[in-house]
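Observations on the three-dimensional arrangement
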Amino acid sequence: MPYSKEQMAQRAAAEIPEGAIVNLGIGLPTLVADYLPAGHAWLHSENGLLGMGPFPYEGDEDPQLINAGKQTVTVLPGGSTFDSSQSFAMIRGGHVDLAFLGAMQVSAHGDLANWAVPGGKVMGVGGAMDLASGCRRVVAMMQHSTKDGEHKLVARCDYPLTAARVVARVITELGVFDPTPEGAFRVVELAPGVTREQVAAVTGAPLL
Amino acid sequence: MPYSKEQMAQRAAAEIPEGAIVNLGIGLPTLVADYLPAGHAWLHSENGLLGMGPFPYEGDEDPQLINAGKQTVTVLPGGSTFDSSQSFAMIRGGHVDLAFLGAMQVSAHGDLANWAVPGGKVMGVGGAMDLASGCRRVVAMMQHSTKDGEHKLVARCDYPLTAARVVARVITELGVFDPTPEGAFRVVELAPGVTREQVAAVTGAPLL
Amino acid sequence: MTASSTPAPSASGPSGPSGPPGLGRHRHKVVSSVTEALADLRDGMTIMVGGFGLTGNAEALIRGVVERGVRDLTLVSNNAGNLGKGLAQWLHAGIIRKVVCSYIGNNDDLHTRMASGEVKVEITPQGTLAERMRAAGAGIPAFFTPTGVGTVIAEGKEVREFDGRTYLMERALSADVALIRARKADQFGNLRFWRTARNFSPVMATEARLTIVGADELVDNGAIDPDDVHLPGIYVHRIVHVAEHENPFEYRTTRKRG
Amino acid sequence: MTASSTPAPSASGPSGPSGPPGLGRHRHKVVSSVTEALADLRDGMTIMVGGFGLTGNAEALIRGVVERGVRDLTLVSNNAGNLGKGLAQWLHAGIIRKVVCSYIGNNDDLHTRMASGEVKVEITPQGTLAERMRAAGAGIPAFFTPTGVGTVIAEGKEVREFDGRTYLMERALSADVALIRARKADQFGNLRFWRTARNFSPVMATEARLTIVGADELVDNGAIDPDDVHLPGIYVHRIVHVAEHENPFEYRTTRKRG
């Protein structure tokens, strides 16, 4: 049975060693925070916050304390605020250990496409390219196929790239897969009851 | 009668418009502060201080509050402290209006040599190159000749350069002189009783 | 001995009501109205505006620019308003010719004007945007970054390898004017910001030729300890006290007390 | 569902007594002695040390390095001690092979060893030194600056024109270890500095693979307001509380009360 979104988030949380600095992208990655024990890791938000806490209690919302998704959040003891150039210096300088990013396509070499659909509305790239190029380890979280059944784990991305050869690991509802220099996805684990054959049928690149 | 050092400092102070940000180099330029009315200008010290005040009263010295000459100083209301990269971003980004720098040689094109004597002990360059290249206006303060009677206002510097074509004005004991693109010193004013001929005799480049 | 004259003003730096152009800009920065603060704005200027989405916006200054009546502006901002608020007012007023930003998202005001060709949009990665500003403020004309290598962002840019990794060369980005909001300002323009309202404001201030601050609170020099200044006043040229703020929420998310 | 394993540690980042190498370095940073703080130092390392002259020196850590017994060090510091104090102790102990600094002045300990060839010295303009560190910390391998154009500093460096002005290309500068002093540290390593003792310490912390802090005062997380942090703990790896300081004066200048 494939992972639910919550199980994907829980599985992603297990990737995070104690004492890591972690940036969670917008969307699915945001759920990862719900599965982190208190004090386990430090959440970085690229709009200028390290030590991000959970959503505020009702009535405590501060419109000037938000995450990169513009949601109201809190700051934990030991947290700090800083400007955008400092925040991206952290990201681009390799000081953020792990980024969990949503993805439209990931290639078997680790190329990431997550910011634009060919011919679609231009949404802008935000901090995605900086996070993908700068963080020490990038984990993509995505559905294994599009709603129309097209492959999203592919031999080569045909969507505009976010960054080349940066994704270390992909978490989908079918399991966990690592891009490799050989251009194949290594099967790290499968969701309960999911078979290699099922995965191979919906993956646009060889499995290892 | 040539200017005394104190008169040179006083003359230099008259170069400073109200509301300017000013960096005073080590040595003679340090004296300029004595001739600035309170609140007239803001003194920047490249070790990380803006709004530098006078020396502390006896007993108030703080070994962690110093100027770039490593002398104990104070900080005025409205002052701020910051790190070296921020401090030099101010200098290099053109935010410091005026630098007064000591000089060994200044050429008639405005080249500055103030950090090393050929064959002499290597003292290091400190912030001199950054100040000379980055500040919006550079004023050199120096004796007109060496103790051995050699020219210091020259057609071309033979001492190692600090920066090329940066000096806007030179203040010596004989007067005030501006380097020009034509490679001559324009006489802005002469110390009382000093003649053009006297200056010409001790200047290694034409006068305008 | 008399001083012949004060030095000639340098070519750079805009003039203004509170001082001569050039070298002596750091006095009498506090003005009494938004109108006065924005007096030096001109058609065709490049204006940077702090804020991340609707957080940290200099709301009164943004409104004031519309009232000022300038147009053909190039706007540099991480976003360009959202939900019809903030910089969306400039889009509604039709005074923007071009936007340089990192993210559009569901800003339909901008999508519509991009589609019609009324407004040109240049997308820059958010970190590259911040770093280009920081470079301009620090006197660096160009630098190398891995962000954008192998993507459309690299098109037309110089690519170069250092120690086996490939980088793009990015150029500094400066503006005529920066409009920013601070929580607290003293008379010299030393600023403090609040939480994530800080974002792009300090770095924009470092590279604009004229930095205008809307300050929630105005205090005397000395009221901010030297070690507690977020942005030194050397980067600030006009200050106006703004007492009222909308402070809109973009996505108000909470948890239940439990 | 069970997690298969935590990810393999990345290649970068030194190991240490307080955590595994790699991605999870930000826990248990506070150690109980200088000896423990310096346990990862090795012969031949490049070590950056904060301070401007004798101000802001991490005195206990500087002494500790001599006691640790490492040698053949490359020292990066604005000065290299003075008046026989501070980093002059490393010169006396003969553990430095090379110094990268901006200023020597009347540091006779260094002059003597330069003259004898015992220590190589590389002079870098002070602002270029700070900017090279900042670049390394921010992932920028190279940048352009006007400082040093037309001087000996330009020798062997690429020169390039942008918009009619000539610039040098300077490379990022990083170190194995940074030793810095802070006035206050919390358990995560958020730091505050005091007055001009800040100088190079924050920027060195951003680019060293291992940043070790000697803190005058150690407080709980939360004791420093998020807006009041000078250097976020992301840049800090070891913290030791140091209660006693010499805090020498280099030039004690005063005025009379009047």
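Everything that follows concerns the structure shown earlier in this document.
Conventions and cut-offs
Residues numbered from 1 in each chain as written. Chains lettered and ligands numbered in written order. Predicted model: local features only at pLDDT ≥ 70, side-chain atom pairs only at ≥ 80, totals over all residues. Heavy atoms only, no water. Helix = DSSP H or I, 4+ residues; strand = E, 2+ residues; numbered from the N terminus. Rg over C-alpha atoms; globule rule 2.2 N^0.38 Å. Buried < 20%, exposed > 50% of the residue type's maximum accessible area, 1.4 Å probe, protein only. Contact = heavy atoms within 4.5 Å. Areas by Shrake-Rupley, 256 points an atom, 1.4 Å probe, with all protein chains shown as cover. Lys, Arg positive; Asp, Glu negative; His and termini not counted. Charge placed at Lys NZ, Arg CZ, Asp CG, Glu CD. Salt bridge = Lys/Arg side-chain N within 4 Å of Asp/Glu carboxyl O. Pairing = 2+ DSSP bridges. Axes fitted to C-alpha atoms, helices over the stretch in contact; angles between N-to-C directions. Buried area = accessible area lost by both parts, 1.4 Å probe. Polar contact = N/O pair within 3.5 Å; in protein donor to acceptor, adjacent residues only side chain to side chain. Nonpolar A, V, L, I, M, F, W, Y, C, P; charged D, E, K, R; others polar. Expected span 1.5 Å × (residues − 1). Phe/Tyr/Trp six-rings, centres within 6.5 Å; stacked < 30°, edge-to-face > 60°. Lys NZ or Arg CZ within 6 Å of the ring centre and 35° of its normal.

Details of the overall build of chain A
A count of helices and strands for chain A gives 4 helices and 12 strands. A compact globule built from 208 residues would reach a C-alpha radius of gyration of about 17 Å, and chain A, at 17 Å, matches this within 12%. Taking the principal axes of its C-alpha atoms as reference, chain A extends roughly 50 × 35 × 30 Å. Within the span of chain A, comprising 208 residues, buried residues form 63% of the whole. At a minimum sequence separation of 6, the contacts of chain A that also span at least 24 residues come to 61%. A total of about 7100 Å² of accessible surface is found on chain A, and carbon and sulfur atoms cover 54% of it. Averaging the coordinates of the 14 positive side-chain charges in chain A and doing the same for the 21 negative ones gives two points 8 Å apart.

Things to note about the pattern of salt bridges
Counted under the stated rule, the structure contains 52 salt bridges over all chains. Its salt-bridge partner being Arg 27 of chain C, residue Glu 18 of chain B comes within 2.8 Å of it at the nearest N-O pair. Of this pair, Glu 18 of chain B sits in the loop between helix H1 (5-13) and strand S1 (21-24) while Arg 27 of chain C sits in the segment before strand S1 (30-31), on two different chains. Looking at Glu 18 of chain B, the relative accessible area reads 32%, which means it is partly exposed. The partly exposed category is assigned to Arg 27 of chain C, whose relative accessible area is 23%.

Observations regarding the sheet that holds strand S5 (residues 98-102) of chain B
All names here are of chain B. As summarised here, the arrangement of the 9 strands in space is S4-S3-S2-S1-S5-S8-S10-S11-S12, forming an open sheet in which the pairing is mixed. Because the sheet does not close on itself, it has two edges, and the strands there are strand S4 (74-81) and strand S12 (185-190). Neighbouring strand axes in the sheet, compared pairwise and without regard to direction, differ in orientation by 25 degrees on average. When strand S8 (residues 137-141) meets strand S10 (residues 167-172), the two strands line up parallel, connected through 4 bridges. In the sheet register, Val 138 faces S10, and the bridge partner there is Val 167. On the sheet, H1 packs against S5, S8, S10, strand S11 (175-179) and S12 and is oriented at approximately 150 degrees with respect to S10.

Examining the sheet that holds strand S9 (residues 153-154) of chain B
All names here are of chain B. Strands sit in the order S7-S6-S9 across an open sheet of 3 strands; the sheet is mixed. Strands at the two margins of the open sheet, each flanked by one partner only, are strand S7 (112-113) and S9. Across 2 bridges, strand S6 (residues 105-107) lies against S7 in antiparallel orientation. What sits directly across from Val 106, in S7, is Leu 112.

Notes on the interface of chain C and chain A
Contacts between the two partners involve 54 residues from chain C, matched on the other side by 44 residues from chain A. Carbon and sulfur atoms make up 56% of the surface buried where chain C meets chain A, a total of about 4300 Å² over both sides. Put simply, chain C and chain A have 4 salt bridges between them. One salt bridge in this structure joins Asp 108 of chain C and Lys 121 of chain A, with 3.5 Å as the shortest N-O distance. Remark: the boundary between chain C and chain A carries 31 residue pairs in polar contact (both at pLDDT 80 or more). Here the side of chain C that touches chain A is built from residues that sort into 19 nonpolar, 22 polar and 13 charged.

Points about helix H5 (residues 126-137) of chain C
The α-helix advances 3.6 residues per turn, and as a result positions three or four apart in sequence lie on the same side. Residues and elements named next belong to chain C. Along its 12 residues, H5 runs 17 Å from first to last C-alpha, staying within 8% of the 16 Å computed at 1.5 Å per residue. Summarising burial for H5: 11 of the 12 residues are buried, a large majority. Listed as buried for H5 are Gln 126, Gly 127, Thr 128, Leu 129, Ala 130, Glu 131, Arg 132, Met 133, Arg 134, Ala 135 and Gly 137. Directly beyond the C-terminal end of H5, a positive phi value near 80 degrees is found at Gly 139.

Concerning the packing of aromatic side chains
Remark: the centre distance and the inter-plane angle together describe each pair of aromatic rings, the angle taken between the planes. Under the criterion given, the structure shown has 7 aromatic pairs over all chains. Aromatic pair Trp 42 of chain A and Phe 188 of chain D: ring centres 3.8 Å apart, planes at 25 degrees, arrangement stacked. In this pair, Trp 42 of chain A is assigned in strand S2 (residues 42-45) and Phe 188 of chain D in the loop between strand S9 (175-186) and strand S10 (191-192), connecting two distinct chains. Note on Phe 188 of chain D: relative accessible area 2%, which makes it buried. Among the aromatic side chains, those forming a connected cluster through ring pairs are Phe 144, Phe 162 and Tyr 167 of chain C together with Phe 144, Phe 162 and Tyr 167 of chain D. Over the face of the ring belonging to Phe 52 of chain D we find Lys 70 of chain B, whose NZ or CZ atom lies 5.2 Å from the ring centre. Cation over ring: Lys 29 of chain D sits above Phe 188 of chain D, and NZ or CZ is 4.1 Å from the ring centre.

A word on helix H2 (residues 84-92) of chain B
Among the 9 residues in H2 of chain B, 8 count as buried, and that is most of the element. Buried within H2 of chain B we find Ser 84, Ser 85, Ser 87, Phe 88, Ala 89, Met 90, Ile 91 and Arg 92 of chain B. Here the buried face of H2 of chain B lies against strand S2 (42-45) and helix H3 (128-134) of chain B, H5 of chain C together with helix H5 (126-137), strand S6 (142-145) and helix H6 (201-207) of chain D. N-cap assignment for H2 of chain B: the residue whose side-chain oxygen lies 2.9 Å from the backbone N of Ser 85 of chain B is Asp 83 of chain B. At the C-terminal side of H2 of chain B, Gly 94 of chain B shows a positive phi close to 80 degrees.

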